[in-house]
Amino acid sequence: RKSNNAMNFKRISGSGAITQQINEILQTTPDNHNIALAFDFDRTLTNGGGLRGQNRMDAPIEARIRGGDATVQALDDASSRAKLFIFTVRSTRRIIVETLEAAL
């Protein structure tokens, strides 16, 4: 059976792409529509394993989060209208979850 609910999946790239895409979605989606945004924490939101050997929490935001402050602000703006889902393949031990939360 065909559904009236459409889902759009778009591959984006570049350090400013997350911010640009979130802002575009928020600006073009009518208020009465539901928005769900899903991100892969390990490669999409963060800069992957680029900080090996460094203390991630001491690194500048631009090194920890792809797009830096602009991405964090866009996610904060989106949280009032959208359901945000962040996926990770990392361990779900408490210390890992707390570290992931602190990174954002």
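Parameters and conventions
- Residues numbered from 1 in each chain as written.
- Predicted model: local features only at pLDDT ≥ 70, side-chain atom pairs only at ≥ 80, totals over all residues.
- Heavy atoms only, no water.
- Salt bridge = Lys/Arg side-chain N within 4 Å of Asp/Glu carboxyl O.
- Helix = DSSP H or I, 4+ residues; strand = E, 2+ residues; numbered from the N terminus.
- Buried < 20%, exposed > 50% of the residue type's maximum accessible area, 1.4 Å probe, protein only.
- Axes fitted to C-alpha atoms, helices over the stretch in contact; angles between N-to-C directions.
- Parallel < 35°, antiparallel > 145°, perpendicular 65-115°, else oblique.
- Left-handed = near helix turned anticlockwise from the far one by under 90°.
- Contact = heavy atoms within 4.5 Å.
- Nonpolar A, V, L, I, M, F, W, Y, C, P; charged D, E, K, R; others polar.

## Some details on the pattern of salt bridges
Stage number 1. Taken as a whole and assessed by the stated rule, the structure comprises one salt bridge.
Stage number 2. A salt bridge links D31 to R81; its shortest N-O distance comes to 3.7 Å. You can see D31 sitting in the loop between α1 (17-28) and β1 (35-40) and its partner R81 sitting in the loop between α4 (68-78) and β2 (82-87), a full 50 residues away along the chain.
Stage number 3. For D31, a relative accessible area of 68% translates into the label exposed.

## Observations regarding the packing of α1 against α4
Stage number 1. Taken N-terminus to C-terminus, the directions of α1 and α4 make an angle of 25°; their axes are 9 Å apart at the nearest point. If you check the angle between α1 and α4, you find them roughly parallel. Considering the relative orientation of α1 and α4, their crossing is left-handed. In this structure, α1 uses I18, T19, I22, N23 and L26 to contact α4, whose residues at the interface are A70, T71, A74, L75, D77 and A78.
Stage number 2. Broken down by class, the residue content of the contact of α1 with α4 amounts to seven nonpolar, three polar and one charged.

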